Amino acid sequence: MSRRPVRRRRRTRGRIDPLLLGGVALVAVSLFLALVSWLAAHPWVVLLGLLVAAAVGALWLHRRQEAARGERVRAQSLRYAVDHLDGLHHTQFEYAVRDLMRRDGCVDAQQVGGRGDNGADVKATDPFGRRWVIQCKHRKAGWAGSAVGTPDLQVLNGTGRQIHGGDVLVILTNGRFSRPALVFATSQRLHLVDRHLLAQWAAGSVPLWELLRAVPPPRRPTALS
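These numbers were taken from a predicted model, which means no experiment stands behind them. (Residues numbered from 1 in each chain as written. Predicted model: local features only at pLDDT ≥ 70, side-chain atom pairs only at ≥ 80, totals over all residues. Heavy atoms only, no water.)

On to the overall build of the protein, then. Summing up its helical and strand segments, the protein has 7 helices and 5 strands in all. Of the regular secondary structure in the protein, the N- to C-terminal order runs α-α-α-α-β-β-β-α-β-α-β-α. Per-residue burial for the protein yields a buried fraction of 35% across its 225 residues. Contacts in the protein between residues far apart in sequence, at least 24 positions, make up 60% of those at least 6 positions apart. In the structure as shown, the protein presents an accessible area of about 15,200 Å², 59% of it carried by carbon and sulfur atoms. (Helix = DSSP H or I, 4+ residues; strand = E, 2+ residues; numbered from the N terminus. Buried < 20%, exposed > 50% of the residue type's maximum accessible area, 1.4 Å probe, protein only. Contact = heavy atoms within 4.5 Å. Areas by Shrake-Rupley, 256 points an atom, 1.4 Å probe, with all protein chains shown as cover.)

Time to look at the nonpolar core. The biggest cluster of nonpolar side chains holds 30 residues, and the ones touching the most others in it are Met101, Trp132, Leu172 and Trp201. Going through the elements one at a time, helix 3 (82–86), helix 4 (90–103), strand 2 (122–125), strand 3 (131–137), strand 4 (168–173) and helix 7 (195–203) are the ones with two or more residues in this core. The dominant element in this core, judged by the number of residues it contributes, is helix 4, at 5 residues. For Leu172, the contacting residues outside a window of four places in its chain are Phe93, Val97, Ile134, Gln135, Cys136, Lys137, Val193, Leu198 and Trp201. (Core = buried A, V, L, I, M, F, W, Y, C linked by side-chain atoms within 4.5 Å.)

With that out of the way, let us pick up the side chain of Thr173. Following the sequence through the fold, Thr173 ends up in strand 4. The class of Thr173 is buried, set by a relative accessible area of 0%. Engagement of the side chain of Thr173 in a polar contact is seen with the backbone oxygen of Lys137, the distance being 2.6 Å. If we skip the residues at most four places from it in the chain, Thr173 touches Phe93, Lys137, Arg139, Val148, Val193, Asp194, Arg195 and Leu198. (Polar contact = N/O pair within 3.5 Å; in protein donor to acceptor, adjacent residues only side chain to side chain.)

This brings us to the packing of helix 4 against helix 7. The contact between helix 4 and helix 7 brings their axes to 10 Å, and the two run at 55 degrees. Regarding the angle of helix 4 to helix 7, the classification is oblique. For the pair helix 4 and helix 7, the crossing hand works out as left-handed. Note on element contacts: helix 7 touches helix 4 through Leu198, Trp201 and Ala202, opposite Phe93, Val97, Leu100, Met101 and Arg103. For the contact of helix 4 with helix 7, the class distribution of residues is 7 nonpolar, no polar and 1 charged. (Axes fitted to C-alpha atoms, helices over the stretch in contact; angles between N-to-C directions. Parallel < 35°, antiparallel > 145°, perpendicular 65-115°, else oblique. Left-handed = near helix turned anticlockwise from the far one by under 90°. Nonpolar A, V, L, I, M, F, W, Y, C, P; charged D, E, K, R; others polar.)

With that settled, consider the pairing of strand 2. Because side chains alternate across strand 2, one face comprises the buried residues Val122 and Ala124, and the other comprises Lys123 and Thr125, equally buried. Where strand 2 meets strand 3, 4 bridges bridge the pair, whose relative direction is antiparallel. The partner of Thr125 across the bridge, within strand 3, is Arg131. Where strand 2 folds back on strand 3, the antiparallel hairpin that results is connected by 5 residues, among which Gly129 adopts a positive phi of roughly 85 degrees. (Pairing = 2+ DSSP bridges.)

Following the criterion strictly, the structure yields 2 aromatic pairs and no others. Judged by centre distance (6.3 Å) and plane angle (90 degrees), the ring pair of Phe128 and Trp209 falls under edge-to-face. Pair noted here: Phe128 is in the loop between strand 2 and strand 3 and Trp209 is in the segment after helix 7, with a separation of 81 residues, a long-range link. Here Phe128 falls in the partly exposed class, since its relative accessible area comes to 37%. (Phe/Tyr/Trp six-rings, centres within 6.5 Å; stacked < 30°, edge-to-face > 60°.)

A few words on the sheet that holds strand 2. Sheet architecture is open: 5 strands sit in the order 1-2-3-4-5, paired in mixed fashion. For this open sheet the edge positions go to strand 1 (110–111) and strand 5 (191–193), each flanked by a neighbour on one side alone. Lying on the sheet, helix 4 is in contact with strand 1, strand 2, strand 3 and strand 4; it crosses strand 3 at an angle near 150 degrees.

Structure below.
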């Protein structure tokens, strides 16, 4: 006598009972309607909640404005001794230059140096709408280090205006420039900042564009003007 195969019952793990789900939804709707009815009978609760929310929002906005004001004050008082800049890593040196540009009013100044930077380490827009593209050359030995030569200037000269859209192209170093580099910079309208000029800018309060010669005239007024 052959046995009939035993049929296995299908497991229903993980399935939610539709009746249970409907009951939960009904309870949720009932609670919501009860809350709405209660608030309608006590409108002062809604008003109090709005007042508290407005007070919290005003306090948050005030603290944010105070923090921004404090940041501007700290930026305006930023100073660097050139000896301090000598001891920085080259990336930290670029960030220091960015911070000095922000101190001078370039609120959008960015450090962009790195692989594939196309010759730009810091970019900024000054309050007169001019776009600055700065290449930084850090020398651990300062003035005694190797001079920045013409090849470095040629990189920025080939990308600063065409790729980065710069109005003012600057090569900045805590060291010095070679004589051929000085001649090349003059012929190509590049601005050089050597150790002496960097020390004057970093330790003072005069914007860089007031220390350089033959800076392009201001553009039309912008949001940063």
